[in-house]
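Descriptive analysis of the structure
Residues per chain, in single letters:
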Amino acid sequence: MPGHTGVQRQEKWTCWQRYIGLISVCVAALFLFNTGCQAADAPQAVTQTAPIPYTPRGADTCLRCHDDPQTLAIFKTKHADSADPHTPFAHLQCETCHGPGGDHAAHLHPGESRIPIPRFGKHSPATVAEDNAVCLSCHQDSHRIGWQGSIHEREGLACVSCHTIHVAKDPVLVKGQQPAVCYTCHQAVRADFAKFSRHPVPDGNLDCTSCHAPHDSLNPHLLVASTVNDTCYTCHAEKRGPFLWEHPPASENCSLCHVPHGSVNPSLLVSRPPMLCQSCHSQAGHPSLAFNAAGLPTGQPNAFLLGGSCLNCHSQVHGSNDPSGAVLNR
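Notes on the structure follow. Computed from a predicted structure; not experimentally measured. (Residues numbered from 1 in each chain as written. Predicted model: local features only at pLDDT ≥ 70, side-chain atom pairs only at ≥ 80, totals over all residues. Heavy atoms only, no water.)

A word on the overall build of the protein. Across its full length, the protein holds 13 helices and 4 strands. Split into buried and exposed, the 330 residues of the protein put 22% on the buried side. Pairs at least 24 residues apart make up 46% of the contacts formed inside the protein by residues separated by at least 6 positions. For the protein, the exposed surface amounts to about 22,800 Å²; the carbon and sulfur share of it is 61%. (Helix = DSSP H or I, 4+ residues; strand = E, 2+ residues; numbered from the N terminus. Buried < 20%, exposed > 50% of the residue type's maximum accessible area, 1.4 Å probe, protein only. Contact = heavy atoms within 4.5 Å. Areas by Shrake-Rupley, 256 points an atom, 1.4 Å probe, with all protein chains shown as cover.)

On inspection of all chains with the given rule, the structure shows 3 salt bridges. Here aspartate 192 ties to lysine 195 by a salt bridge, and the two come within 2.9 Å at their closest N and O atoms. A salt bridge links arginine 198 to aspartate 203; the shortest N-O distance between them is 3.4 Å. Here arginine 198 falls in the partly exposed class, since its relative accessible area comes to 33%. Take aspartate 203: its relative accessible area is 49%, and that puts it in the partly exposed class. (Salt bridge = Lys/Arg side-chain N within 4 Å of Asp/Glu carboxyl O.)

The next thing to look at is the environment of tryptophan 147. As for its position among the elements, tryptophan 147 is in the loop between helix 5 (128–136) and helix 6 (151–154). Given the relative accessible area of 9%, tryptophan 147 is considered buried. Aside from chain neighbours lying at most four places away, what touches tryptophan 147 is Asn132, Leu136, His152, Glu153, Leu157, Pro214, His215 and Asp216.

The next point concerns the side chain of serine 320. Examined against the element boundaries, serine 320 turns out to sit in strand 4 (residues 319–320). Relative accessible area serves as the criterion here: at 3%, serine 320 is assigned to the buried category.

Before going further, it helps to spend a moment on the nonpolar core. By size, the foremost hydrophobic cluster in this structure holds 5 residues: Ala59, Ile74, Ala80, Phe89 and Cys94. Contacts of alanine 80, omitting those with residues within four sequence positions, involve Ile74, Phe75 and Phe89. (Core = buried A, V, L, I, M, F, W, Y, C linked by side-chain atoms within 4.5 Å.)

This is the structure:
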């Protein structure tokens, strides 16, 4: 080429080669970037299981097999009132609570085992939390709002652990039958109620929910009131006071002297006087210790003092309003 030397032409050609190489690298990088974006945007294959079908005829399908008296008793309960839109039978009937049972009710070939129903069955794969969620979908009112996190929920109890659904009257809601349901777990309490000094729970005059809130409570021992004393005062209002002369243990906590369920000592006492009283009060200097071989200071032995019961004299152990009752004796 005229006007260019061989060296200049060689340098120019080298520049063009570098330029073409740079463009090739950019094109390749752009291609790889677009390919990666398309792969990221491509829909991922998701494995989805087919939903379990419901039975074609609802409860009529279930009752072809489940026609025993225990199952049919559901029609004596509020759950089976189809006229009430808030009940299970106003929606999917049995399957509202038990879950879709189409596979369970399907026709079986010889040798095939029946698929368990999703919830509340003998071999149901549902967890306790899943079963409870079904009940709480309707029964999440003020009486059960604190179930989550309560001691019974943390112990893994299901609603059906205490409640019987297919009966006209749930035993746990009947005063005379409720304690037997609670005793299935609280065996020690059952033994306490067999003692001669007890609250009248075995007689049917009280039940466990008279003092305890089984679903939720912010109080100790699931008590219905904020303290032990306030719970006791719901029946024993005469012990509330206020008193002119108070007995500090009585105003602090009734359980310092009394066993709540049952005791082998009279009046549900933790132990018998004077041992109970002397757990706080020293007997040093008490007149009952003045007895010796010569007799009491008066010369006449006092049967009340020698009997050893503090209550013979200090009868107002919960408190006294008498101006002369500073030692709770009147």
